[in-house]
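Working through the structure, step by step
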Amino acid sequence: SVPLSFFGGIGAASRHGILIKGSNFLEALTAVKTVAFDKTGTLTRGQFTVNGVEPATAAMSGTDLLKLAAAVEQQSTHPIARSIVTAYEGDLSQVAVSDLTEKAGHGVTATVDGQTVVVGNAKAMAAHQITVPDTETLGTTVNVAVNSQYVGRITVADQPKPDAAKAIQTLKQEGVTQTVLLTGDNRVIAGTIGQQLGLDRVEAELLPEQKVAVMADLTEQAHPQHQKVAFVGDGINDTPVLARADVGIAMGGLGSDAAIEAADIVIMDDQPSKLAQAITIAHHTKRIVW
Ligand code: ADP
Ligand code: MG
């Protein structure tokens, strides 16, 4: 049974836009020493902007490259896809797109005007034996290939949320000893964000199932010490990680319905600092209870 005052804690949290689905989760928060975060949409705004369009040869213009990528990405709800479709301002209705397949942590493949087009990261290209340049870009690289031939790349970038660094700092003040970034994005971008925000550990280039495996490791290390692990995500591909964490926390605004469903706690306004606030409320409630 759960002490009655934890219900008071739930009320206090809800007044701050933090929905806690049961008093057991509020109690669990007091034992959380490790917090893992998704990057896109959780610690960053989740709104990418295109900052580079680089066709591989003069045979293709930047606009043509962007149009091709946008045609393939138009059905995808991934924030990277949305940014590419937004950046291409022209009409896509005359482009014949079929056989769309989206692969989490990779990108999208489709048939466009009879040609096989792959749009995605280095992993997606490797999976199709497509060679891409290994020169760095100032953001997340979206490669484009036509009939197994690399034709160019688009660079997209996202910004940390304004309160993200402060949120990490406050968590440490609340007794969280380990903060971890779990992301499918590349090592360079992940490392930069990790450093900017003061995260203790960065795990990059993870597929959704690999995020679950890292989460399983984290809980295995924490439980013998009577500690718990929280995961905060916006839920695009991350529902299994939310379910695997001791306390799964979803961003309610950007988050998918599946994520909100799978989560134990929902942060309505998507501010990562609300997690620290929830932990503060949990500790405070526990002091009153005991
Ligand atoms: P995160 O862990 O940042 O939430 P995801 O697992 O959603 O990232 O995606 C990981 C990576 O997979 C992205 O950084 C991107 O390189 C690639 N990717 C996923 N979906 C798409 C898409 N629709 N178009 C292009 N690239 C994609
Ligand atoms: Mg994600």
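Quick notes on the rules
- Residues numbered from 1 in each chain as written.
- Chains lettered and ligands numbered in written order.
- Predicted model: local features only at pLDDT ≥ 70, side-chain atom pairs only at ≥ 80, totals over all residues.
- Helix = DSSP H or I, 4+ residues; strand = E, 2+ residues; numbered from the N terminus.
- Contact = placed C-beta atoms within 7 Å.
- Near = placed C-beta within 6 Å.
- Nonpolar A, V, L, I, M, F, W, Y, C, P; charged D, E, K, R; others polar.
- Domains from an automatic or database assignment.
- Core = buried A, V, L, I, M, F, W, Y, C linked by C-beta atoms within 7 Å.
- Buried ≥ 20, exposed ≤ 12 C-beta atoms within 10 Å, placed from the backbone.
- Pairing = 2+ DSSP bridges.
- Axes fitted to C-alpha atoms, helices over the stretch in contact; angles between N-to-C directions.
- pLDDT = per-residue confidence, 0-100.
- Parallel < 35°, antiparallel > 145°, perpendicular 65-115°, else oblique.
- Left-handed = near helix turned anticlockwise from the far one by under 90°.
- Expected span 1.5 Å × (residues − 1).
- Arc of directions from axis to C-beta.

Per an unreviewed UniProt entry, the recorded name for the protein chain is Cd(2+)-exporting ATPase, and the organism is Secundilactobacillus similis DSM 23365 = JCM 2765.

Glancing now at the overall build of the protein chain. Check the secondary structure of the protein chain and you find eleven helices and 13 strands. C-alpha extents for the protein chain along the principal axes are approximately 70 × 35 × 30 Å. Residue pairs in contact within the protein chain that sit at least 24 positions apart in sequence constitute 56% of those at least 6 positions apart.

A separate point is the site of ligand 1. Around ligand 1, the surrounding shell holds 24 residues, and the nearest of these are T40, H78, N121, G184 and D185. Only α4 (79-87), β5 (107-112), β6 (115-120) and β7 (140-146) provide two or more residues apiece to the shell around ligand 1. Looking at the shell around ligand 1 residue by residue, the classes come out as seven nonpolar, twelve polar and five charged. Inspection of the shell around ligand 1 shows a minimum of three residues originating in each of domain 1 (5-45 + 159-289) and domain 2 (49-157).

So, on to the nonpolar core. Ranked by size, the top nonpolar core spans 51 residues in total, and within it A230, F231, I249, I265, L275 and A278 carry the most contacts. Counting residues per element, this core draws most heavily on helix α11 (residues 273-289), which supplies six residues. Excluding its chain neighbours within four sequence positions, the residues that come into contact with F231 are A36, M215, V241, L242, A245, G248 and I249. F48, L65, I84 and Y88 belong to the second-largest nonpolar core, a separate cluster that totals 29 residues.

Reading across from one edge, β1-β13-β12-β11-β2-β9-β10 is the order of the seven strands in this open sheet, with mixed pairing throughout. With one partner strand each, in any of the chains shown, β1 (18-20) and β10 (201-203) form the two edges of the open sheet. Neighbour to neighbour, the strand axes of the sheet diverge by 20° on average, direction disregarded.

We now examine the sheet that holds strand β3 (residues 49-55). Reading across from one edge, β3-β8-β7-β6-β5-β4 is the order of the six strands in this open sheet, with antiparallel pairing throughout. What marks the edges here is a single partner per strand, and that holds for β3 and β4 (97-103). Taken pair by pair, the neighbouring strands of this sheet meet at an average axis angle of 15°, ignoring direction. The pairing of β6 with β7 spans four bridges and is classified as antiparallel.

Turning our eyes to something else, we now look at the confidence of the model for the protein chain. Mean pLDDT over the protein chain works out to 93, with 96% of the residues at or above the 70 mark. Scoring of the predicted complex yields 0.92 for pTM and 0.98 for ipTM.

Domain assignment breaks the protein chain into domain 1 (5-45 + 159-289) and domain 2 (49-157). Computed from C-alpha atoms alone, the centre-to-centre distance between domain 1 and domain 2 is 32 Å. With eleven residues of domain 1 at the interface, the matching set in domain 2 holds eight residues. Tallied by class, residues from the side of domain 1 that touches domain 2 come to five nonpolar, five polar and one charged.

Here we take up the pairing of strand β11 (residues 228-233). Buried residues dominate β11, accounting for six of its six residues. Burial along β11 is two-sided: the face carrying K228, A230 and V232 and the face carrying V229, F231 and G233 are both buried. In the sheet, strand β2 (residues 32-38) pairs with β11 via five bridges, with the strands oriented parallel. Bridge pairing in β11 links F37 to V232. Strand direction decides the pairing type here: β11 and strand β12 (residues 247-251), joined by four bridges, are parallel.

Axis separation between helix α3 (residues 62-73) and α4 bottoms out at 8 Å; the angle between their running directions is 130°. By the criterion of interaxial angle, the relationship of α3 to α4 is oblique. As for the relative orientation of α3 and α4, their crossing is left-handed in sense. Contacts between α3 and α4 pair L66, A69, A70 and E73 from the former with A81, I84, V85 and A87 from the latter. Considered class by class, the residues forming the contact of α3 with α4 number seven nonpolar, no polar and one charged.

Before going further, it helps to examine helix α8 (residues 208-222). Residue pairs three or four apart in sequence face the same way in an α-helix, which turns once every 3.6 residues. Over its 15 residues, α8 extends 21 Å from the first C-alpha to the last, a length consistent with the 21 Å expected when each residue adds 1.5 Å. What α8 keeps buried is the set K211, V212, M215 and L218. Angular distribution of buried residues about the axis of α8 spans 120°; they occupy a single face of the element. Opposite the packed face of α8, turned more than 90 degrees from it, sit the exposed residues E209, D217 and E220.

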